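Coordinate analysis (summary)
Spelled out, the chains give:
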Amino acid sequence: MYWESNIVWDKVQNGLELGGRQGGLSLWLALKEKTVVCSDLKDVKETAQQLHLQYNIASLITYQDIDATDIPYENYFDIIVFKSIIGGIAFIIDGTTKYIESGREYDMMKSKFSFLTRVLEITVDNAKQML
Ligand SMILES: C[S@@+](CC[C@H](N)C(=O)[O-])C[C@H]1O[C@@H](n2cnc3c(N)ncnc32)[C@H](O)[C@@H]1O
């Protein structure tokens, strides 16, 4: 993996995972004997701790609910890691949704993704860019 060979791991002791949900990257850092704050928007201890308890690294990980657009630390971590969260933090959207189970849009999506059973249509009232 790119990070394995391009980070000077001896200089890293203290990490932060953003948007961790199940905390996979926190586990990865803890297995390297780094201390980690495993974070997500909410309830991260509930979603991530189960995975971590299967390994002998629990003392290296603490849990904190953190919004990646408003991180309550400055000049504190040696490394900040995240995976698949940009879509979640780039915009906050207000609107209404409905499932479509037939019709032109449904047929168009079905022709591209044969496995789908319905399409979620989102009517956006307001989109606020966060980045
Ligand atoms: C697709 S999941 C990815 C979870 C995990 N990183 C992974 O790769 O399996 C997106 C995650 O980003 C989190 N997220 C969305 N907006 C966020 C924000 N503003 N700050 C922190 N996390 C956020 C969600 O709660 C969710 O856990």
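Conventions used here
- The written sequence of each chain sets the order in which its residues are numbered from 1.
- Since the coordinates come from a predicted model, pLDDT governs what is reported: local features require at least 70, and pairs of side-chain atoms require 80 or more to be given and counted, while whole-chain, interface and lining totals use all residues.
- Here a helix means four or more residues in a row that DSSP labels H or I, a strand means two or more in a row labelled E, and each is numbered from the N terminus.
- Counting other C-beta atoms within 10 Å of a residue's own tells you its class, since 20 or more makes it buried, 12 or fewer makes it exposed, and anything in between is partly exposed; those C-beta atoms are placed from the backbone.
- Placing a C-beta atom from the backbone of each residue, one calls two residues in contact when those atoms lie within 7 Å.
- Domain extents, as shown, originate in an automatic or database domain assignment.
- By definition, two strands form a pair when at least two bridges between them are found by DSSP.
- Note on handedness: a clockwise path from strand one over the helix to strand two, with the strands aimed away from the viewer, defines a right-handed crossover.

Here Leu120 is to be found in strand β6 (residues 119-129). What makes Leu120 exposed here is the crowd of 10 C-beta atoms within 10 Å. Through-space distance from the C-alpha of Leu120 to that of Glu101 is 9.1 Å; in sequence the pair is 19 residues apart. Look past the residues within four positions of Leu120 in its chain and what remains in contact with it is Thr97 and Tyr99.

A few words on the domain arrangement of the protein chain. The domains assigned to the protein chain are domain 1 (2-84) and domain 2 (89-129). If you average the C-alpha positions of domain 1 and of domain 2, the two centres end up 32 Å apart.

This next bit is on the pairing of strand β2 (residues 35-40). Burial of β2 is extensive: 5 of the 6 residues sit out of reach of the surface. Pairing analysis gives 4 bridges linking strand β1 (residues 14-17) to β2, with the strands arranged parallel. Among the inter-strand pairings, Glu17 is bridged to a residue of β2, identified as Cys38. Note that the unit made of β1, helix α2 (residues 24-31) and β2 has a crossover that is right-handed. As defined by bridge partners, β2 adjoins strand β3 (residues 61-65) across 5 bridges and the pair is classed as parallel. Among the inter-strand pairings, Val36 is bridged to a residue of β3, identified as Ile61. Between the parallel elements β2 and β3, the chain passes through helix α3 (residues 44-53) in a crossover that is right-handed.

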